[in-house]
Amino acid sequence: MALVAITMCTIFKAAVRAVLPHATLVVDHFRAVQLANQALTEVRRRLAVQVRGRKDNRRWGCTTG
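Reading the values: the criteria
Residues numbered from 1 in each chain as written. Predicted model: local features only at pLDDT ≥ 70, side-chain atom pairs only at ≥ 80, totals over all residues. Heavy atoms only, no water. Helix = DSSP H or I, 4+ residues; strand = E, 2+ residues; numbered from the N terminus. Buried < 20%, exposed > 50% of the residue type's maximum accessible area, 1.4 Å probe, protein only. Contact = heavy atoms within 4.5 Å. Areas by Shrake-Rupley, 256 points an atom, 1.4 Å probe, with all protein chains shown as cover. Salt bridge = Lys/Arg side-chain N within 4 Å of Asp/Glu carboxyl O. Pairing = 2+ DSSP bridges. Right-handed = clockwise from strand over helix to strand, strands pointing away. Expected span 1.5 Å × (residues − 1).

Draft legend 1. Here's a closer look at the overall build of the protein chain. Secondary structure summary: the protein chain contains two helices and two strands in total. Along the protein chain, helices (α) and strands (β) appear in the sequence β-α-β-α when read from the amino end. When the 65 residues of the protein chain are sorted by exposure, 9% land in the buried category. When contacts within the protein chain are restricted to residue pairs at least 6 apart in sequence, long-range pairs at least 24 apart make up 9% of them. Split by element, the accessible area of the protein chain, about 5,900 Å² in all, is 61% carbon and sulfur.

Structure, rendered in structure tokens:
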């Protein structure tokens, strides 16, 4: 059984499949965690806009006094 660690790029996947069609493809954990963090950041940003509004909204900025 052949294991091939690749990044999450479809070009690499296609190349490995062409040369090693029965290999098991695995994604390195760094890339998987990086993708999960990016997705979480996008959700966090979207929710912040929904809750607080846009930057041109008065409630967005900090107020002093």
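Draft legend 2. Geometry of the pattern of salt bridges. Summed over the entire model, instances satisfying the criterion amount to one salt bridge. Across the salt bridge formed by R45 and E42, the nearest N and O atoms sit 3.3 Å from each other. Linking R45 with E42, this pair stays in helix α2 (residues 29–52), spanning three residues, or about one helical turn.

Draft legend 3. The arrangement of the environment of A23 in detail. Mapped onto the fold, A23 is located in the loop between α1 (10–19) and β2 (24–27). Once the C-alpha coordinates of A23 and V4 are considered, the two residues, 19 residues apart in sequence, prove to be 6.7 Å apart. If near-sequence neighbours (up to four positions away) are discounted, A23 is found in contact with A2, V4 and R17.

Draft legend 4. Geometry of the pairing of β2. In the sheet, strand β1 (residues 3–6) pairs with β2 via four bridges, with the strands oriented parallel. Each bridged residue has a counterpart across the sheet, and for I6 the counterpart in β2 is V27. Handedness of the β1-α1-β2 crossover: right-handed.

Draft legend 5. Representation of the environment of T7. Relative to the helices and strands, T7 resides in the loop between β1 and α1. The spacing of T7 and L25 is 18 residues in sequence and 9.8 Å in space, taken between C-alpha atoms. When neighbours within four sequence positions are excluded, T7 is seen to be in contact with F12, D28 and R31.

Draft legend 6. Local environment of α2. Here α2 is 24 residues long and its end C-alpha atoms lie 34 Å apart, about the 34 Å a rise of 1.5 Å per residue gives. Immediately downstream of α2, the backbone of G53 shows phi near 95°, a positive value.

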